[in-house]
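Single-letter residue listing:
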Protein chains: 2
Amino acid sequence: MVERAEGDLLERFARGERTACARLITLAEARDPRFAALYDRLAARTGHAHRVGLTGPPGAGKSSVVDQLLRHWREADLGKIGVVAVDPSSPFSGGALLGDRVRMSSRLGDPQVFIRSMASRDAHGGLAHASVEACDVLDAWGAERVLLETVGVGQVEYEVSRVCDTTVVVLHPGSGDSVQAMKAGLLELAHVFAINKDDQPGGERLAADLEEMLELRSDLVRERALLGWKPPVLRVSAREGRGIDALANAIDAHRRELERQGAFAEVRRERRAAHVRALVEATLHARFFGSGRGAGELGEELERGLDAGEGPYALAARLCARISGEEQQR
Amino acid sequence: MVERAEGDLLERFARGERTACARLITLAEARDPRFAALYDRLAARTGHAHRVGLTGPPGAGKSSVVDQLLRHWREADLGKIGVVAVDPSSPFSGGALLGDRVRMSSRLGDPQVFIRSMASRDAHGGLAHASVEACDVLDAWGAERVLLETVGVGQVEYEVSRVCDTTVVVLHPGSGDSVQAMKAGLLELAHVFAINKDDQPGGERLAADLEEMLELRSDLVRERALLGWKPPVLRVSAREGRGIDALANAIDAHRRELERQGAFAEVRRERRAAHVRALVEATLHARFFGSGRGAGELGEELERGLDAGEGPYALAARLCARISGEEQQR
């Protein structure tokens, strides 16, 4: 059901109004109940944008790389671009570390560029629903490219690779120890490596290390092996604007390869299925366990089971039976 | 239902046999169906151990700090200690970065110390069920202290703080950029800061920075504010064995404060409830969506909805109604 006010919002959105875009993302972030119907209406219009994830350790200069990519694509007049910058570092307060991300961008005021900072509040880890939905909103807004920028090691990088078509891992020469520890994980999910801050010493060495790892551990790159895609290791300096063309080309080349192999559509299908499954889980959790002790339809039953010293697995099985409406004796 | 072989296993476990302990953790890690009944039997014996999470950026020397803490507590003859080292950096292959963790320990062969490396395979982010259950097994084994060691920024640190009583964040002078980016999150969840590698320059500066942040942003430390606990910032050198006594004392002091305020038992109760809720979710997911396309009781329905272009939220609502046994027309 889409009410009048929301109908107007969708109309303004369909005309490409940036304020409507911003409003929709705000509703997603607030988990406003009105967002569901609005999102369902615009979901059909998504799927066109190339989703590019940019991740890497803190201090790698991801924001500067994104800014240079924006400049590159805008100068080539390659259509609208959306950026969602997610800060997962402060789950309690929601974090404001990337709060200045919008103001930091040199593309401020470009009507073809929409940049949004979001805190990841998802207590279950990784990216919140809202981050992914914000990418969808920008996709439906008509963005040719949607960049998802996030700090990350390990899990978050994995999440990014799951919701994006192309994953760019941004490193810098000073990230030595971090890279050492992340290498195995990185090799599995990066489609493109960008070694930023190549104006500092150590870039060549880091590039050589990564190239070597890619050779040695080609067994790890299962998913890419299917594609026959060898992740390029590119040295860039966002500060000097050097290497950005090559990076942009590598990102576009990966998209073309995905399309050539028919993976572009397939990834979208699986991504939508994953989103629906996640919504189902969130809905069930809210209904049966609410938030807080004893809340939700089964919260009290859970507390009683704990009081009685029931085994966790036995209790879980009993609650599952209750949820799916099956009778069960104790 | 606990079969004969499993009954023997529990008996051997009750006698404190390390091989039985190892076997149980292996069953948990493999998500073996026999584990549920075994776990339910030993769950009642958990709750005694002090759960201490050690986390921080790669390269901070967490393993060395853990080793020194083990030495300290064992020399003081303070009972059994369990260590679970979780490597979340490689979600696809399961990662082997901490694979040598056991062999690396100087406590190898100490019958009162049990060290286990685990990969975090949980695609939903953060720590897998098995990591937490391994801590429970070690708790039931009779460990006075269970240390959960993991690499992390952001989300993983949050997960650690959720499943542990006391969270120690290990940093090193070289972690500059990382710390900068993590500060807000760290302030919220660390109970103790350990600045390791204090034999290198920069330790004093990092300590001063952290102290200042703690003063300035006391608004962030909500949870600790309840306890009136001010997280100490301790400079240690695991390599030189310096500062370890003070660190061990701070960890023990935090436990005493938790007990004094009645929070020790409360945390255990909420932790068990969270575990049951997570088991319910995992069970429902496996049953209704299986793994892979079209799998599970509702997998095909999901695929049909996607084929029909049904809105994600509408489809999710319909699947929820099916799960909870409510009739619904399309």
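Residues numbered from 1 in each chain as written. Chains lettered and ligands numbered in written order. Predicted model: local features only at pLDDT ≥ 70, side-chain atom pairs only at ≥ 80, totals over all residues. Heavy atoms only, no water.

Engineer: Quick one: what's the story with the overall build of chain A, residue by residue and with numbers?
Structural biologist: Helix and strand counts for chain A come out as 14 helices and seven strands. When each of the 330 residues of chain A is scored for burial, the buried share is 59%. A separation of at least 24 residues holds for 74% of the contacts in chain A among residues at least 6 apart in sequence. Accessible surface computed for chain A: about 13,400 Å², of which carbon and sulfur atoms make up 49%. (Helix = DSSP H or I, 4+ residues; strand = E, 2+ residues; numbered from the N terminus. Buried < 20%, exposed > 50% of the residue type's maximum accessible area, 1.4 Å probe, protein only. Contact = heavy atoms within 4.5 Å. Areas by Shrake-Rupley, 256 points an atom, 1.4 Å probe, with all protein chains shown as cover.)

Engineer: Explain the pattern of salt bridges to me, and be specific about the residues and the numbers.
Structural biologist: Where side chains of opposite charge bring their charged atoms close, a pairing between them can arise. Summed over the entire model, instances satisfying the criterion amount to 68 salt bridges over all chains. Between E266 of chain A and R293 of chain B there is a salt bridge, with the nearest N and O atoms lying 2.8 Å from each other. Of this pair, E266 of chain A sits in helix α12 (residues 263–289) while R293 of chain B sits in the loop between α12 (263–289) and α13 (299–307), placing the two residues on different chains. (Salt bridge = Lys/Arg side-chain N within 4 Å of Asp/Glu carboxyl O.)

Engineer: Run through the confidence of the model for chain A, naming residues and quoting values.
Structural biologist: In the predicted model, chain A carries a mean pLDDT of 84, and the fraction of residues at 70 or more is 82%. Of all the helices and strands in chain A, helix α10 (residues 222–227) of chain A carries the lowest mean pLDDT, 56, while strand β7 (residues 233–235) of chain A carries the highest, 96. (pLDDT = per-residue confidence, 0-100.)

Engineer: Before we move on, can you summarise the sheet that holds strand β2 (residues 81–87) of chain A with the specific residues and values?
Structural biologist: Residues and elements named next belong to chain A. Strand order in this open sheet of seven strands is β3-β2-β4-β1-β5-β6-β7, and the pairing throughout is parallel. Looking at which strands have only one partner, the edges of the open sheet turn out to be β3 (113–119) and β7. Ignoring which end each strand starts from, the neighbouring axes of this sheet average 20 degrees apart. Judged from the four bridges that link them, strand β5 (residues 166–171) and strand β6 (residues 192–195) form a sheet pairing that is parallel. When the sheet's bridge partners are listed, V168 is paired in β6 with V192. (Pairing = 2+ DSSP bridges. Axes fitted to C-alpha atoms, helices over the stretch in contact; angles between N-to-C directions.)

Engineer: Provide a residue-level description of the environment of W229 of chain A, including the pertinent values.
Structural biologist: Residues and elements named next belong to chain A. Mapped onto the secondary structure, W229 falls in the loop between α10 and β7. According to the relative accessible area criterion, W229 is buried, its value standing at 15%. Considered as a pair, W229 and E159 are 70 residues apart in the sequence and their alpha carbons are 20 Å apart. A polar atom in the side chain of W229 sits 2.8 Å from the backbone oxygen of H191. (Polar contact = N/O pair within 3.5 Å; in protein donor to acceptor, adjacent residues only side chain to side chain.)

Engineer: Any details on the packing of aromatic side chains? Residues and values, ideally.
Structural biologist: Each aromatic ring pair is described using two quantities: the centre-to-centre distance and the angle formed by the ring planes. In the structure shown here, the tally under the stated rule is eight aromatic pairs over all chains. With a centroid separation of 6.2 Å and an interplanar angle of 90 degrees, the aromatic rings of F35 of chain A and Y313 of chain B are classed as edge-to-face. With F35 of chain A in helix α3 (residues 35–43) and Y313 of chain B in helix α14 (residues 312–323), this residue pair bridges two chains. Residue classification places Y313 of chain B among the buried positions, given a relative accessible area of 17%. Both rings, one in Y313 of chain A and one in Y39 of chain B, keep their centres 5.6 Å apart while their planes meet at 80 degrees; by these two values the pair is edge-to-face. With Y313 of chain A in helix α14 (residues 312–323) and Y39 of chain B in helix α3 (residues 35–43), this residue pair bridges two chains. The same class applies to Y313 of chain A and to Y39 of chain B, which are both buried. The ring of W141 of chain B carries K80 of chain B above its face, with NZ or CZ at 4.3 Å from the centroid. (Phe/Tyr/Trp six-rings, centres within 6.5 Å; stacked < 30°, edge-to-face > 60°. Lys NZ or Arg CZ within 6 Å of the ring centre and 35° of its normal.)

Engineer: A description of empty space enclosed by the protein should follow, citing residues and the corresponding values.
Structural biologist: Empty space among the atoms becomes apparent when a probe as large as a water molecule is rolled across them. Under the definition given, this model contains five cavities of 30 Å³ or more. Approximately 90 Å³ is the volume attributed to the largest cavity. Lining the largest cavity are 13 residues, and of these E281 and L284 of chain A together with V280, E281 and L284 of chain B sit closest to its centre. Counting only elements with at least two residues in the lining of the largest cavity, the list comes to α12 of chain A together with α12 of chain B. Broken down by element, the residue count for the lining of the largest cavity peaks at six residues, all from α12 of chain B. Of the residues in the lining of the largest cavity, the class split is nine nonpolar, two polar and two charged. (1 Å grid on protein atoms, 1.4 Å probe; cavity = no way out; pocket = protein on both sides within 12 Å on 5 of 7 lines; lining within 4 Å. Points joined across faces, edges and corners; volume = space filled by probe spheres on them. Nonpolar A, V, L, I, M, F, W, Y, C, P; charged D, E, K, R; others polar.)

Engineer: Could you give an account of the sheet that holds strand β4 (residues 145–151) of chain B, naming the residues involved and the relevant values?
Structural biologist: Picture the strands of a sheet paired through backbone hydrogen bonds; they go either parallel or antiparallel. Residues and elements named next belong to chain B. With parallel pairing, seven strands are arranged side by side in an open sheet as β3-β2-β4-β1-β5-β6-β7. Two strands close off the open sheet at either side, each with one partner strand: β3 (113–119) and β7 (233–235). Between one strand axis and the next, the sheet turns by 20 degrees as a mean value, whatever way the strands run. As paired strands, strand β2 (residues 81–87) and β3 are joined by seven bridges and run parallel to one another. Pairing of I81 across the sheet is with V113, part of β3.

Engineer: So, the nonpolar core: which residues are in play, and what are the values?
Structural biologist: One finds F13 and V280 of chain A together with F13 and V280 of chain B to be the most contacted residues of the largest nonpolar core, which totals 98 residues. Apart from the residues within four sequence positions on either side, F13 of chain A is in contact with A20, C21, L24, L42, R45, V137, A140 and W141 of chain A. (Core = buried A, V, L, I, M, F, W, Y, C linked by side-chain atoms within 4.5 Å.)

Engineer: Tell me what's going on with the domain arrangement of chain A, and back it up with residues and numbers.
Structural biologist: Residue and element names in this part refer to chain A. Segmentation of chain A into domains returns domain 1 (1–44), domain 2 (46–264) and domain 3 (274–323). Between domain 1 and domain 2, the residue contacts involve 17 residues of the former and 19 residues of the latter. For the pairing of domain 1 and domain 2, the buried interface totals around 1,500 Å² over both sides, and the portion due to carbon and sulfur atoms is 61%. For domain 1, the biggest contributors to the area lost against domain 2 are R18, I25 and E29; these three give 40% of the whole. For R116, the salt bridge goes to E29, with nearest N and O atoms at 3.4 Å. Looking at the side of domain 1 that touches domain 2 element by element, the count peaks at eight residues for helix α2 (residues 18–29). Per-class residue counts for the side of domain 1 that touches domain 2 are 11 nonpolar, two polar and four charged. (Domains from an automatic or database assignment. Buried area = accessible area lost by both parts, 1.4 Å probe.)

Engineer: Just give me the short version of the pairing of strand β5 (residues 166–171) of chain B, but keep the residues and values in it.
Structural biologist: Burial of β5 of chain B is extensive: six of the six residues sit out of reach of the surface. Burial of β5 of chain B is two-sided: the residues T166, V168 and V170 of chain B facing one way and the residues T167, V169 and L171 of chain B facing the other way are all buried.

Engineer: I'd like a description of the side chain of R277 of chain A, backed by residues and values.
Structural biologist: Here R277 of chain A is to be found in helix α12. You can call R277 of chain A buried: its relative accessible area is 17%. In this structure R277 of chain A touches E270 of chain A together with H285, F289 and L302 of chain B, once residues within four positions along its chain are discounted.

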